[in-house]
Amino acid sequence: MRPILAGLVLSSTLITSAWAGQPAHIYGVNLGSWLVLEPWMLPQAWLDMGGQLCEVCSTCIASESAFAKAYPDTVDTIFAKHWDIWFTQDDVNTLKAAGINTVRVPVS
């Protein structure tokens, strides 16, 4: 989870600048579907992992909890792989190079 630390470093740099009296502008992005999987944001990846998309979510594997119930023996391995590849240090570097200094990381 090194990228989380990188995000914290970017945010702490912004806060330090603001406290030093320097003008601070926030340029941010949302890292949805990284730590909290949101199937609507990555439908094909969700299907590739073994999830399902349906009209009535209670009838299929359309959420993290339904996924965990359907695949109790492999859920940790499958999600860990997703967490490792969905957002990487290369992504942090790209965001920083683009001037992004704030990252929202949804968690539940």
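Residues numbered from 1 in each chain as written. Predicted model: local features only at pLDDT ≥ 70, side-chain atom pairs only at ≥ 80, totals over all residues. Heavy atoms only, no water.

Caption draft 1: Up close: the packing of aromatic side chains. Going through the model one piece at a time under the given rule, you end up with 5 aromatic pairs. These aromatic residues form a ring-pair network of at least three members: W46, F67, Y71, F79 and W83. (Phe/Tyr/Trp six-rings, centres within 6.5 Å; stacked < 30°, edge-to-face > 60°.)

Caption draft 2: Broad picture of helix α4 (residues 75-86). Here α4 spans 16 Å end to end across 12 residues, near enough to the 16 Å set by a 1.5 Å rise per residue. Among the residues making up α4, those that are buried are V75, F79 and H82. Relative to the axis of α4, the buried residues are bounded by an arc of 55° and lie together on one face. Exposed residues on α4 whose side chains face more than 90 degrees from its buried face are D76, T77, K81, D84 and I85. Where α4 is buried, its residues touch α2 (43-49) and α3 (64-70). (Helix = DSSP H or I, 4+ residues; strand = E, 2+ residues; numbered from the N terminus. Expected span 1.5 Å × (residues − 1). Buried < 20%, exposed > 50% of the residue type's maximum accessible area, 1.4 Å probe, protein only. Arc of directions from axis to C-beta. Contact = heavy atoms within 4.5 Å.)

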